[in-house]
Amino acid sequence: MDKKIVLLKDTSIGAADKTKEYYSLILNLLRDQNLQDSVQVVRVADIGFYDQGLVLKILPGQVTYGRVQESDLLPVITETIQGNKVLDRLALEPNEKQLRIVLRNCGQIDPENFDDYIAADGYAALKKVITEYKPEQVIEQLKASGLRGRGGAGYPTWMKWNFARQVKAEQKYIVCNGDEGDPGAYMDRSVLEGDPHSVIEGMMIGAYAIGASQGYFYIRAEYPLAVERIQKAIAQAYEYGLLGKNILGTDFSFDVEIRLGAGAFVCGEETALLASIEGKRGTPQPRPPYPSIKGLWGKPTVINNVETLANIPVILLKGGAWFGKIGTEKSKGTKVFALTGKIKNSGLIEVPMGTTIRDIVYHIGGGMLASKGIKAVQTGGPSGGVIPKEFLDEPVDYENLQKLGSIMGSGGMIVMDEDDCLVDIAKFYLKFCVEESCGKCAPCRIGGFQMLSLLENITSGKGTASDLAKMRRIALAMQKASLCGLGQTASNPVLSTLKYFAAEYKSHIEDKKCVAGKCRYLLNYQIIPEKCKKCGLCLTNCVFGAITGNREQGYILDPAKCTKCGRCYEVCKFKAINKG
Amino acid sequence: MIKLTKENFDQHKTGIPAVGKNWIKVGMSTCGIAAGADEVYKTFVEEAKKKNLTVDIKKCGCLGMCYAEPLVEVHVEGVPQVIYGKVNKDIAIKILEKHVGTKMLVNDYIFDLSLTMKKVGK
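Residues numbered from 1 in each chain as written. Chains lettered and ligands numbered in written order. Predicted model: local features only at pLDDT ≥ 70, side-chain atom pairs only at ≥ 80, totals over all residues. Heavy atoms only, no water.

S.K.: Help me get a handle on the environment of Asp115 of chain A, residues and values and all.
M.R.: Looking at the element boundaries, Asp115 of chain A is found in helix 3 (residues 114-119). Measuring from C-alpha to C-alpha, the distance between Asp115 of chain A and Ala272 of chain A comes to 37 Å, with 157 residues separating the pair along the chain. Setting aside its immediate chain neighbours within four residues, Asp115 of chain A contacts Tyr240 of chain A together with His12 and Ile16 of chain B. (Helix = DSSP H or I, 4+ residues; strand = E, 2+ residues; numbered from the N terminus. Contact = heavy atoms within 4.5 Å.)

Dropping the structure here:
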């Protein structure tokens, strides 16, 4: 018998991890069968399945068993390990929820090694395009692929390219938008750091299609490693003659430069971004004219997001029709999400469009942290909204998320549990937009500020019944009258929480209560005499003198002096402080 | 440096030396580095030299499993290729001794997600 390996992990949720016990059990059984030298048993940290009880994986062969009971262990050893027979009743289907197109090389190749990228079929699409395709054919392929912009709005990429292509101009530009600013989103950084050449290649194919000879990477200065790697990759491409004059010996010439964003969120908006590249103050301009017609220095300019560009080489290499088969009717391909919040496996995931939120949270994310109940999922960052748990089985694509009152956005996905207060979340995102508002137009500058002060009143117990109607009116005005996407969408988190969690707003306003216990001004702290061991730790930790008493008589908390800082609650080892 | 042309492009590609039989890749993106990948990488390089092991130590980008950084992928002939997560200096040494040295997998640090994702083939 060949040497076998058994991987094991207890994936039960909410119960103690019994991996070690099963490990010893299997070792003993193997010893009984005199197999201890030909089988290695390995405890693993994550086996790729969740809530499936004890999971065993037998290598080679990748036979995977779930919900394995103690009584199953012997048959697994004698039949599968010794007899190579698969026990159908235990076998698990592969949990292949992820599909990696954009992240195909991330974690696989050395981003600073040019030949690593070439060996992974890098620049093969570029070669094919500039030696075999006319620009129109490139756009046709993109049309067939159905690729839509991954930066947020989901505008069809081929249309953008086609507009710019049809304008007659001596000079055209292509810009890569790497000014990723949504809180919690970092997929662009990861692609720029892990596979910089793929973004350059995507940009070059775009330049060829629209007839641009100059490209710019606009990357935020907060991403120093991404900038460094792109810089290195550009230098390598120049060295090998893939950038510059007469690329690969053809008539196609293209140059690339990097511009750093100085940390303004609004510069992710395309007209503000262009102003910033031109060296002007980063404020948006009214559209039309759209940048594809009149952009950088008045010339036709295409602006594509990092993730969009990273898709391009694969599409051209494998064909638009191939890409068009992945995803849903109107949203093709995959989407990378930065999965964060109260989830076990936080990180970057890439799923085909149409994957349900439940699959993302439970089958990829590994379920909720601390096994608490899920409350909602936030997508789209400060321009997006929340999706309550009732809609977990909805597929994720551009149209569907919009229907639910959120947006795809750049791909942040924040999972929230029962401890999160949705009013507080709405306040957080709105505050972000108010701070990042450039101040050029009044609806965004004044509307945002006023709406935030209403929200602050509500979360500190000073809200009135008319506040909700006022917020709705301001939100509508901002949506209709703001100059750019920032102001138009800044009220989305407020509107979507109002839509799905009106009861939570109501309890803040009418009952002056925050169910999740997040809004500190609505909390009342009390010492429970029955649980109090009179240790005095709360007294020494209260710097506001709100707790009085001594070790004989116990302690009392004076609500009038309490600032609700929560320090006593944190330090009490006996859970004798009541918060509510 | 030769300039690539449409004529010599494929030749250059086939001329790229194949990856060594044994290799270790360390995830060195911002998330990995923040979690301590620099030290892990250094440990691998130094200890492999000290122990006289023939194994290529390479750098790579982020695999996406940011919760388990620093991540290390190990390929040794005759042993299944696996990913170790939450690796620190001590575990790096253990991987070299046990996985590379005696061809046995190390307990408790494998993140086996091979059945959870499809990759676009060539």
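There is more to say, and it comes next.
S.K.: Tell me about the packing of aromatic side chains, residues and numbers included.
M.R.: In total, this model carries 14 aromatic pairs over all chains according to the counting rule given. Linked through ring pairs, Phe114, Tyr117, Tyr123 and Tyr240 of chain A together constitute an aromatic cluster. It is Lys25 of chain B that lies over the ring of Trp23 of chain B; its NZ or CZ is 4.6 Å from the centre. (Phe/Tyr/Trp six-rings, centres within 6.5 Å; stacked < 30°, edge-to-face > 60°. Lys NZ or Arg CZ within 6 Å of the ring centre and 35° of its normal.)

S.K.: Report on the pairing of strand 13 (residues 385-388) of chain A, specifying residues and quantitative values.
M.R.: Residue and element names in this part refer to chain A. Looking at chain direction, strand 12 (residues 374-379) and strand 13 are connected through 4 bridges and run antiparallel. Bridging across to strand 13, Gln378 finds its partner in Val386. Connecting strand 12 to the next strand, strand 13, in antiparallel fashion are 5 residues, including Gly380 with a positive phi near 85°. (Pairing = 2+ DSSP bridges.)

S.K.: Lay out the interface of chain A and chain B with the relevant residues and their values.
M.R.: Residue-level contacts link 69 residues of chain A with 49 residues of chain B. Buried surface at the junction of chain A and chain B, summed over both partners, amounts to about 5,000 Å²; 55% is from carbon and sulfur atoms. Its largest share of buried area at the contact with chain B, chain A owes to Arg100, Gln108 and Tyr240 of chain A, together 12% of the area lost on that side. At the boundary of chain A and chain B, one finds 28 residue pairs in polar contact (both at pLDDT 80 or more). Top contributing element to the side of chain A that touches chain B by residue count: helix 3 of chain A, with 5 residues. Looking at side-chain class alone, the side of chain A that touches chain B contains 31 nonpolar, 18 polar and 20 charged residues. (Buried area = accessible area lost by both parts, 1.4 Å probe. Polar contact = N/O pair within 3.5 Å; in protein donor to acceptor, adjacent residues only side chain to side chain. Nonpolar A, V, L, I, M, F, W, Y, C, P; charged D, E, K, R; others polar.)

S.K.: Describe the sheet that holds strand 4 (residues 82-84) of chain B, naming the residues involved and giving the relevant values.
M.R.: All names here are of chain B. In spatial order, the strands read 2-1-3-4; together these 4 strands make up an open sheet with mixed pairing. A single partner strand is all that each edge strand has here, and the edge strands are strand 2 (56-60) and strand 4. Averaged over all pairs of adjacent strands, the angle between strand axes in this sheet comes to 25°, irrespective of strand direction. The sheet strands contacting helix 4 (residues 89-102) are strand 1 (23-27), strand 3 (72-75) and strand 4, and the helix crosses strand 4 at an angle near 165°. (Axes fitted to C-alpha atoms, helices over the stretch in contact; angles between N-to-C directions.)

S.K.: Describe in detail the domain arrangement of chain A, supporting the description with residues and values.
M.R.: Residues and elements named next belong to chain A. Assigned domains within chain A: domain 1 (4-82), domain 2 (114-323), domain 3 (334-417), domain 4 (422-509) and domain 5 (523-579). Measuring from the centre of the C-alpha atoms in domain 2 to the corresponding centre in domain 4 gives 34 Å. Of the residues lining the interface, 13 residues belong to domain 2; the matching set on domain 4 comes to 10 residues. A buried area of about 910 Å², summed over both sides, lies between domain 2 and domain 4, and 74% of it is on carbon and sulfur atoms. It is Pro183, Phe265 and Pro284 in domain 2 that bury the most area against domain 4; as a group they hold 53% of the surface buried on that side. Taken together, domain 2 and domain 4 are joined by 0 salt bridges. Inspection of the domain 2/domain 4 interface yields 2 residue pairs in polar contact (both at pLDDT 80 or more). (Domains from an automatic or database assignment. Salt bridge = Lys/Arg side-chain N within 4 Å of Asp/Glu carboxyl O.)

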